[in-house]
Amino acid sequence: MERNADAPAALELAGELRHAIASGQLSAYFQPVYDLKTRHIVAVEALCRWIHPQRGVLMPDHFIPVAERFGLIADLGRVMLEEAGRQMAAWHRRGVRVGLALNVSPSELRPEFADAVLQRAAEFDLPRRTLTIEVTESPAMTSSPEERAALEMLIEGGVGVAVDDFGAGFTSLESLPQVPFTEIKIDKALMYDTSADVDDLVTRCVEIARERGALVVAEGVETQEQLDRAGGWGCDRAQGFLFAAALPASEVEPLLLAGAEQGCRV
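Rules used in this analysis
- Each chain carries its own residue numbering, running from 1 in the written order of its sequence.
- With the structure being a predicted model, the display of local features is reserved for residues of pLDDT at least 70 and the display and counting of side-chain atom pairs for 80 or more, all residues being used for whole-chain, interface and lining totals.
- The basis for every side-chain value is the complete set of non-hydrogen atoms in the structure, without hydrogens or water.
- Just to be clear on terms, a salt bridge is a Lys or Arg side-chain nitrogen sitting within 4 Å of an Asp or Glu carboxyl oxygen.
- What counts as a helix is a DSSP run of H or I of at least four residues, what counts as a strand is a run of E of at least two, and both are numbered from the N terminus.
- Each residue is assigned to one of three classes by its accessible area relative to the maximum for its type, calculated with a 1.4 Å probe on protein chains only: buried under 20%, partly exposed between the two thresholds, exposed over 50%.
- To estimate how far a helix should reach, multiply one less than its number of residues by 1.5 Å.

1. Topic: the pattern of salt bridges
Going through the model one piece at a time under the given rule, you end up with 15 salt bridges. In this structure, K185 engages E45 in a salt bridge whose closest nitrogen and oxygen atoms are separated by 3.1 Å. On the criterion of sequence distance, the pair formed by K185 in strand β7 (residues 183-186) and E45 in strand β2 (residues 41-52) is long-range, its members being 140 residues apart. Looking at K185, the relative accessible area reads 1%, which means it is buried. Residue E123 is joined to R120 by a salt bridge in which the shortest nitrogen-to-oxygen separation is 2.1 Å. Remark: R120 and E123 occur in helix α5 (residues 111-123); sequence separation between them is 3 residues, near one turn of the helix. Residue class for R120 comes out buried when judged on its relative accessible area of 18%. Here the salt bridges share partners, and the residues they tie into one network are E45, E134, K185 and E219.

As structure tokens, this is what we get:
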């Protein structure tokens, strides 16, 4: 009943989003990811922002569900790959050698999608392992042969695959061995759960990642205490408001250029 009740509003928003995709209203913001040993910026995650002419900057949770529901998520993903990929290529030409992470819906995971991503990465002249595809937790992965083939194609082609938001959705410790990945991102919700059960869960997750030779990234780090906890878990990297929020390219660029010259530290 609730779905039917909000149908007109969702349909209107989908129409606006369709126009936004076509007219360039979507913008990539970049959140730095830091290495926990060196405290240098080693990557940025590109996060979509909708610069709405009347409503201002809209966050993804306002429109991503609509994009999924109305079949716009692939178009949105292509916009993000183009904008963020071009920006990263420009930074690389200026000596900024950091990685780029892009969020991808499981609904996009098909071999033809992997082909398209690998082709654009090559056209942007991005070195192997510069680009990482973060597979979001919604909708749930189906563990289909097509999904697995797409993930394996990406990894073999030099594009990383991250399991995003681990601990907050459908991916479990039991399912991890079945998923091709090069990185696991620990969901920020686990940072706020200080129970021993969470510590045990993340510790086991890190062990599985180590067995796979994969990186572990702590998301949503906002305090020094949380940063210390991430280090205690054995995480390799972290991101969150303690370091920096997601910023427009023009605002994150000085941090990256400083890092290219002398190392970005916090």
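2. Some remarks on helix α4 (residues 73-93)
For α4, spanning 21 residues, the distance from its first C-alpha to its last is 30 Å, which sits close to the expected 30 Å at 1.5 Å a residue. Of the positions making up α4, those classed as buried are I73, L76, G77, M80, L81, A84, G85, M88, A89, W91 and H92. G95 sits one or two positions beyond α4 and adopts a positive phi of about 90 degrees.

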